[in-house]
Amino acid sequence: MAKTNSVNKRANHIRVVVFTALMTALTIVLTVYTKLPMASGYYNFGDVPIFMTACLLGPFPALITGALGAMLGDIILGYMAYAPFTLIIKGLEGFVASILFQLISKFIKKQIPQALIVFADCFLCGLIMAFGYFIAEGVLLAEDKWTGGIANLPLNILQGTISAAVATVLLYACQIKKFFGRIYNRVPQANSTVDKTDDENQDSKNNGNCKRKEEL
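Along every chain, residues carry numbers that run from 1 in the direction the sequence is written. Given that the model is predicted, a residue must reach a pLDDT of at least 70 before its local features are reported, and side-chain atom pairs must reach 80 or more before they are shown or counted; all residues, however, enter totals for whole chains, interfaces and linings. Computation of side-chain values covers all heavy atoms of the structure but excludes hydrogens and water.

Caption draft 1: Spatial organisation of the overall build of the protein chain. Secondary structure elements follow DSSP: runs of H or I no shorter than four residues count as helices, runs of E no shorter than two count as strands, and numbering proceeds from the N terminus. Within the protein chain, the secondary structure is distributed over 8 helices and 2 strands. For the protein chain, the succession of helices and strands along the chain, N to C, is α-β-β-α-α-α-α-α-α-α. Residues classed as buried in the protein chain amount to 38% of the 216 residues present. Every residue pair with non-hydrogen atoms within 4.5 Å of one another is taken to be in contact. A separation of at least 24 residues holds for 73% of the contacts in the protein chain among residues at least 6 apart in sequence. Using the Shrake-Rupley algorithm and a 1.4 Å probe, accessible areas are obtained, with residue cover drawn only from the displayed protein chains. Surface exposure of the protein chain reaches about 12300 Å², of which carbon and sulfur atoms provide 68%. For the exposure calls, accessible area comes from a 1.4 Å probe over protein chains only, and a residue counts as buried if that area is under 20% of its type's maximum, exposed if over 50%, partly exposed in between.

As structure tokens, then:
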């Protein structure tokens, strides 16, 4: 039994690492290939996989996905000045989104659809992202008296809102959350089935041996 638990824990750890890496790569791709220039910086859909990771994998995978994925996207696109701010802002966005999702799901009334909870959660964290970049652009563009940050603030809020809506639709309307659960939980179920079968076979052998001894 202890060996089975150890194997399952190792499998869980591997799956978390693999899926976190995949979502981080998806964040980079969406950040780079959905870029729309703004007054300063750019609009993108890189928040979508961050929100999905927050819902599916938990706080620390979401933090890594947001921090590394978005920062590497900035670096690839040549926005080096934004990279340190993005590391903090997008990492915080993913981490807080996951924590809020867990807390709200635990204490909210059950009659409220979970999809609505996820959208509200992601929307709030999209606001955190928008105001984070407002402060960052105020620091980077101080000579312009925060005009760049003010000009981009509504667009960043729009980016967070649209990303929250897209993530919610993908997770629930497209049933990615349910599909992900089946894939993610497949290995432990398979292991437990194999272990159970092995135990049953061993018990059968033991029972057979006992019967032979009794007959002798």
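Picking up where we left off.
Caption draft 2: Just the packing of aromatic side chains, in detail. Classification of ring pairs uses Phe, Tyr and Trp, with its six-membered ring standing for Trp, and accepts pairs whose centres are within 6.5 Å; under 30 degrees between planes counts as stacked, over 60 as edge-to-face, and the remaining range as tilted. On inspection of all chains with the given rule, the structure shows 6 aromatic pairs. Pairing Phe119 with Phe123 gives two aromatic rings, centres 6.3 Å apart and planes at 20 degrees, and the pair type is stacked. In this pair, Phe119 and Phe123 both sit in helix α5 (residues 114–140), 4 residues apart, roughly one turn of the helix. A connected cluster of aromatic rings, assembled from ring pairs, spans Tyr79, Tyr82 and Tyr133.

Caption draft 3: Seen up close, the nonpolar core. Counting residues in each nonpolar core, the largest one holds 20 residues, and the members touching the most others are Phe51, Met52, Leu57, Val118, Leu171 and Phe180. The set of elements that each furnish at least two residues to this core consists of α1 (2–33), α2 (47–56), α4 (83–107), α5, α6 (147–173) and α7 (176–184). When residues of this core are assigned to their parent elements, the largest contribution, 6 residues, is made by α2. In this structure, Met52 is in contact with Met23, Ala167, Leu170, Leu171 and Ile176, ignoring residues within four places of it in sequence. For our purposes a nonpolar core is just a set of buried Ala, Val, Leu, Ile, Met, Phe, Trp, Tyr and Cys residues, chained together by side-chain atoms within 4.5 Å.

Caption draft 4: Main features of the pattern of salt bridges. In what follows, salt bridge is the name for a side-chain nitrogen of Lys or Arg lying within 4 Å of a carboxyl oxygen of Asp or Glu. Enumeration according to the criterion identifies 1 salt bridge in this entry. One salt bridge connects Asp47 with Lys90, and the closest N-O pair in it is separated by 3.3 Å. Taken together, the residues Asp47 in helix α2 and Lys90 in helix α4 connect sequence positions 43 residues apart. You can call Lys90 buried: its relative accessible area is 3%.

Caption draft 5: Spatial organisation of the environment of Phe123. Overall, the relative accessible area of 28% leaves Phe123 in the partly exposed class. For the pair Phe123 and Gln159, spaced 36 residues apart in the sequence, the C-alpha separation amounts to 9.7 Å. Non-local contacts of Phe123, meaning those with residues more than four positions away in its chain, are made with Thr161 and Ala164.

Caption draft 6: Highlighting a nonpolar patch on the surface. The patches reported here contain residues having more than 30% relative accessible area and no salt bridge. Joining distances are 9 Å for like charges and 5 Å for nonpolar side chains (Val, Leu, Ile, Met, Phe, Trp, Tyr). A grouping of Phe60, Leu63, Ile64, Leu68, Leu72, Ile75, Ile76, Met80, Leu87 and Ile88 is seen on the molecular surface, where their side chains present a nonpolar patch of about 890 Å² in accessible area. Ranked by residue count, the leading element in the nonpolar patch is helix α3 (residues 59–77), at 7 residues. Among the secondary structure elements, Met80 is positioned in the loop between α3 and α4.

Caption draft 7: Structural context of the environment of Leu153. Here Leu153 is to be found in helix α6. For Leu153, a relative accessible area of 17% puts it in the buried group. Considering only alpha carbons, one finds Leu153 and Ile135, 18 residues apart in sequence, at a separation of 9.8 Å.

Caption draft 8: Representation of the packing of α2 against α4 within the structure. Whenever a helix is involved, its axis is fitted only over the stretch in contact; in every case the axis is a line through C-alpha atoms, and angles between N-to-C directions fall within 0 to 180 degrees. Across the interface, α2 lies against α4 with an axial gap of 8 Å and an inter-helix angle of 35 degrees. Both α2 and α4 take part in a crossing whose hand is right-handed. Along its contact with α2, which presents Asp47, Ile50, Phe51, Ala54 and Cys55, the element α4 presents Lys90, Glu93, Gly94, Ala97, Ser98 and Phe101. Each residue receives one of three labels: charged for Asp, Glu, Lys and Arg, nonpolar for Ala, Val, Leu, Ile, Met, Phe, Trp, Tyr, Cys and Pro, and polar for the others, Gly being one of them. In terms of residue class, the contact of α2 with α4 is built from 6 nonpolar, 2 polar and 3 charged. Helix crossings get a hand from a simple test, with the near helix turned counterclockwise from the far one by less than a right angle marking a left-handed crossing and a clockwise turn marking a right-handed one.

Caption draft 9: Just the state of the cysteines, in detail. The disulfide criterion used throughout: a pair of cysteine sulfur atoms within 2.5 Å. Inspection of the entire model under this criterion finds 0 disulfides. We note that Cys122 lacks a disulfide partner, and the nearest cysteine sulfur, in Cys125, lies 6.9 Å from it. Classification of Cys122 as buried rests on a relative accessible area of 2%.

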